[in-house]
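If you want the building blocks of each chain, they are given just below.
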Amino acid sequence: MQEHVEQAAPSESAGAIAVRDENGAIAAPFLAAVSGAVARDDAGELRALCLERHEADIADLVEQLEPDERPKFIQLLGEDFDYAVLTEVEDTIREQILEALPSAAVAEGVRDLESDDAVYILEDLEEDEQQEILAQIPDFERALLKRSLDYPEDSAGRRMQTDLIAVPPFWNVGRTIDYMRDSDDLPDEFYEIIVVDPSFKPIGKVALNTLLRTKRPVLIETIMDAPVHTVRADLDQEEAAHLFERYNLVSAAVVDDHERLVGVLMFDDIVDVIQEEAEEDIRGLAGVGDEEISDTFLYTARSRFTWLLLNLVTAVLASLVIGMFDATLQQMVALAILMPIVASMGGNAGTQTMTVAVRALASRELGGYNIRRFVTREMLVGIVNGFLFAIIIGFVASVWFTNIQLGAVIATAMIVNMFCAGLFGIAIPVGLDKIGVDPAIASTVFLTTVTDVVGFFAFLGLATILLM
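Residues numbered from 1 in each chain as written. Predicted model: local features only at pLDDT ≥ 70, side-chain atom pairs only at ≥ 80, totals over all residues. Heavy atoms only, no water.

### Some points on the overall build of the protein chain
Applied cut-off: Strands are runs of DSSP state E lasting at least two residues, helices are runs of H or I lasting at least four, and both sets are numbered from the N terminus onward. Both definitions apply: the radius of gyration is a C-alpha atom measure, and the globule rule equals 2.2 Å times residues to the power 0.38. For every accessible area listed, the method is Shrake-Rupley and the probe measures 1.4 Å; residues are considered covered only by the protein chains on display.
In terms of helices and strands, the protein chain carries 22 helices and 6 strands. The globule rule puts the C-alpha radius of gyration for 468 residues at 23 Å, and the 30 Å found for the protein chain is more than 25% above it. Carbon and sulfur atoms make up 58% of the accessible area of the protein chain, which amounts to about 24400 Å² in all.

### A few points about the sheet that holds strand β5 (residues 251–255)
Applied cut-off: Strands were regarded as paired on the criterion that DSSP finds at least two bridges between them. Interaxial angles span 0 to 180 degrees and are taken between N-to-C directions of axes, which are lines fitted to C-alpha atoms, for helices over the stretch in contact. Any two residues having at least one pair of non-hydrogen atoms within 4.5 Å are treated as being in contact.
Across the sheet, which stays open at both edges, the 3 strands sit in the order β4-β5-β6 with mixed pairing between neighbours. Each edge of the open sheet carries a strand with a single partner, namely β4 (230–232) and β6 (261–266). Direction aside, neighbouring strands of the sheet carry axes that sit 35 degrees apart on average. Bridge count for β5 against β6 is 5 bridges, and the pairing is antiparallel. From the neighbouring strand, Val 254 faces β6, where its bridge partner is Gly 263. Running at roughly 65 degrees to β6, helix α15 (residues 237–247) makes contact with β4, β5 and β6 of the sheet.

### Describing a negative patch on the surface
We count it as follows: Like charges are joined within 9 Å and nonpolar side chains (Val, Leu, Ile, Met, Phe, Trp, Tyr) within 5 Å, but only among residues with over 30% relative accessible area and no salt bridge; these make up the patches. By definition here, a salt bridge exists when the distance from a side-chain nitrogen of Lys or Arg to a carboxyl oxygen of Asp or Glu is within 4 Å. In this tally, Asp and Glu contribute negative charge and Lys and Arg positive charge; neither His nor the terminal groups of the chain are included. Working definition for charges: the position is that of NZ of Lys, CZ of Arg, CG of Asp or CD of Glu.
A grouping of Glu 88, Asp 188, Glu 189, Asp 268 and Asp 272 is seen on the molecular surface, where their side chains present a negatively charged patch. In this structure, Glu 189 sits in the loop between α12 (173–182) and β2 (192–196).

### Details of α12
Helical geometry: 3.6 residues make up each α-helical turn, so side chains three or four residues apart lie on a common side. Operational definition: Here's how the labels work: a residue is buried when its accessible area is under 20% of the maximum for its type, exposed when over 50%, partly exposed in between, all with a 1.4 Å probe on protein chains only. The arc in question is the one traced by the directions running from the helix axis out to the C-beta atoms. Each polar contact in these results corresponds to two N or O atoms within 3.5 Å; when the atoms are within protein, one needs to be able to donate a hydrogen and the other to accept it, and residues that are neighboring in sequence are counted only if both atoms are side-chain atoms.
If you check which residues of α12 are buried, you get Val 173, Gly 174, Thr 176, Ile 177 and Met 180. Around the axis of α12, the buried residues are gathered within 165 degrees of arc, so they sit on the same side. Contact partners of the buried residues in α12: β1 (166–167), β2, α13 (208–212) and α14 (220–223). Two or three places before Gly 174, at the opening of α12, Asn 172 has a side-chain oxygen 3.2 Å from that residue's backbone nitrogen.

### Considering unusual backbone geometry
Here the amide bond leading from Ala 226 into Pro 227 is cis, since omega sits at 0 degrees, within 30 degrees of zero. Mapped onto the secondary structure, Pro 227 falls in the loop between α14 and β4. Non-glycine residue Phe 200 carries a positive phi angle of around 65 degrees. Mapped onto the elements, Phe 200 comes out in the loop between β2 and β3 (202–207). Residue classification places Phe 200 among the partly exposed residues on the basis of a relative accessible area of 37%. You will see that Asn 248, though not glycine, has its phi angle at about 50 degrees, which is positive. Mapped onto the elements of the fold, Asn 248 is located in the loop between α15 and β5. Given a relative accessible area of 66%, Asn 248 falls into the exposed group.

### Side note on the sheet that holds β2
Strand order in the open sheet made by the 3 strands is β1-β2-β3, with mixed pairing throughout. Two strands close off the open sheet at either side, each with one partner strand: β1 and β3.

### Section: α15
Of the residues making up α15, those classed as buried are Gln 237, Ala 240, Ala 241, His 242 and Phe 244. The backbone nitrogen of Glu 238 lies 2.8 Å from a side-chain oxygen of the residue at the head of α15, namely Asp 236.

### Some words on the packing of helix α2 (residues 28–39) against helix α5 (residues 69–77)
Note the following rule: The labels follow the angle: roughly parallel below 35 degrees, roughly antiparallel above 145, roughly perpendicular from 65 to 115, and oblique for the rest.
It is at 10 Å that the axes of α2 and α5 come closest, and there the two elements cross at 75 degrees. Comparing their axes, α5 and α2 come out roughly perpendicular. On the side of α2, the interface is formed by Val 34, Ser 35, Ala 37, Val 38 and Ala 39, while α5 contributes Glu 69, Lys 72, Phe 73 and Leu 76.

### Topic: the pattern of salt bridges
Under the counting rule described, the total for this entry stands at 17 salt bridges. Here Arg 158 makes a salt bridge to Glu 123, at a shortest N to O gap of 2.8 Å. In this pair, Arg 158 is assigned in helix α11 (residues 156–159) and Glu 123 in the loop between α8 (115–122) and α9 (127–134), connecting sequence segments 35 residues apart. Assigned by exposure class, Arg 158 and Glu 123 land together as buried. Linked through salt bridges whose partners overlap, the residues forming this network are Arg 20, Asp 57 and Asp 60.

### A short note on the packing of helix α21 (residues 404–434) against helix α22 (residues 439–467)
As a reminder of what qualifies: Handedness of a crossing is defined here by the sense of rotation of the near helix relative to the far one, left-handed for an anticlockwise turn of less than a right angle and right-handed for a clockwise turn. Each residue is assigned to one of three groups, with Ala, Val, Leu, Ile, Met, Phe, Trp, Tyr, Cys and Pro labelled nonpolar, Asp, Glu, Lys and Arg labelled charged, and all others, Gly among them, labelled polar.
One way to put it is that α21 packs onto α22 with a least axis distance of 8 Å and a crossing angle of 155 degrees. Between α21 and α22, the angle is such that the two are roughly antiparallel. The element α21 and its partner α22 pack so that their crossing is right-handed. Split into classes, the residues belonging to the contact of α21 with α22 amount to 23 nonpolar, 7 polar and 1 charged.

### Points about the environment of Gln 96
In this structure, Gln 96 sits in helix α6 (residues 91–100). Owing to a relative accessible area of 36%, Gln 96 belongs among the partly exposed residues under this scheme. Taking C-alpha positions, Gln 96 is 27 Å from Thr 162, a pair spaced 66 residues apart along the chain.

### A look at the confidence of the model for the protein chain
We apply this condition: Across the chain, each position has a pLDDT score giving the predictor's confidence in that residue, from 0 to 100.
In this model, the protein chain carries a mean pLDDT of 86, and residues with pLDDT of at least 70 account for 92%. The secondary-structure element of the protein chain with the lowest mean pLDDT is helix α1 (residues 2–14), recorded at 43, while α14 shows the highest, at 96. In the predicted structure, residues 1–12 sits below a pLDDT of 50 and forms 4 contacts with residues beyond four places in sequence or in another chain.

### A word on a nonpolar patch on the surface
Together, Val 333, Ile 337, Val 384, Leu 388, Phe 389, Ile 392, Phe 395, Val 396, Val 399 and Trp 400 make up a nonpolar patch on the protein surface, roughly 980 Å² of accessible area in all. For the nonpolar patch, the secondary structure elements donating two or more residues are α19 (333–362) and α20 (369–401). It is α20 that provides the largest number of residues to the nonpolar patch, a total of 8 residues. As for its position among the elements, Ile 337 is in helix α19. Under the relative-accessibility criterion, Ile 337 is labelled partly exposed at 41%.

Structure below.
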């Protein structure tokens, strides 16, 4: 009896350990307790620590564990591990875990998930690994997952869930409610019911609050909202996100090439899409691609090399412009001291414009008259700020080097470069977008080159003409 009490005590105290510290990170005592339980193969202690925790907390915990601890952690929890946790971890970590786990365990785990979460977990695996897992899933469920996996990557078809509720318009409210009560295949969460015609094409939708407020004999067709917003399964997920944002959708029916219902997109999936696209744009602006914290140093170095090589080429172009005026620089050292100021101010001003432009392009706010208005605004902003900073730096340079002409040269170069920064800060992203290149990825390096070359050429060219 005493031995039983001693074994139970750790479990009771384990549940009281705080998951997160005051900064919101996984608390060190909690992480240490979990690592210790994994090291001791103590499944009971691990369940006491983790079973009542939210999947987001467990996902952050899994990321903090050592790589060799993660598969063991999942195996110790067994059927109590919620595979939805794997949708919250970084891609690299998820792939490492799935490769280390037996395919039978993965197949059993994804069976209990919503179809969209199951697809999200399986889609990054190699084809043979996918097939091995799918082969251990019952035929009907396997067919649904395979259909989603057959759609293009980053498409609505990949994001949709195939668990949905569709009813014909001639059903009444009572029959619909009874159907939902009796069905064993309802989605875990849903907010709308899709109304379909005999060919399974969506013709309307009914919100749950409307359904529950309506008398049982009332026909569905009399309370449905029509037309219903539909999304093509092959539509890019970012475009689908814009539809949700534009029309304030809670869900949207996903249709195939023949306009037949194949799934539904939910707002929680779209939130994930928006976050992913925003992170992708931020990483693209910095030239780090799909890099994650968990990546190895070799992969990180390799992924950054191409971008840095391109920056090196553009830096050489700027240096060639400087080399054209080497004689001028030798005669007046002050030019070398002041030269970086012009390029730096132009680069920063251009980056401000470029950031706004990339965001506007991503949110589909630039089009038609808006582009002309935005270009005009940024050019005027460049001129105004150029004149203001020209006055400041012109005065500073004149006093610093006791040379009024030098102050006038750098002031003029500042105006020219700030104007060009505003112009090219919008022109480069828009131009790249027109030719199908992601402006978030490629804009920075081109803009830096333009502002450096224009700044150096304007400053040193004017100095050569006016001061030499």
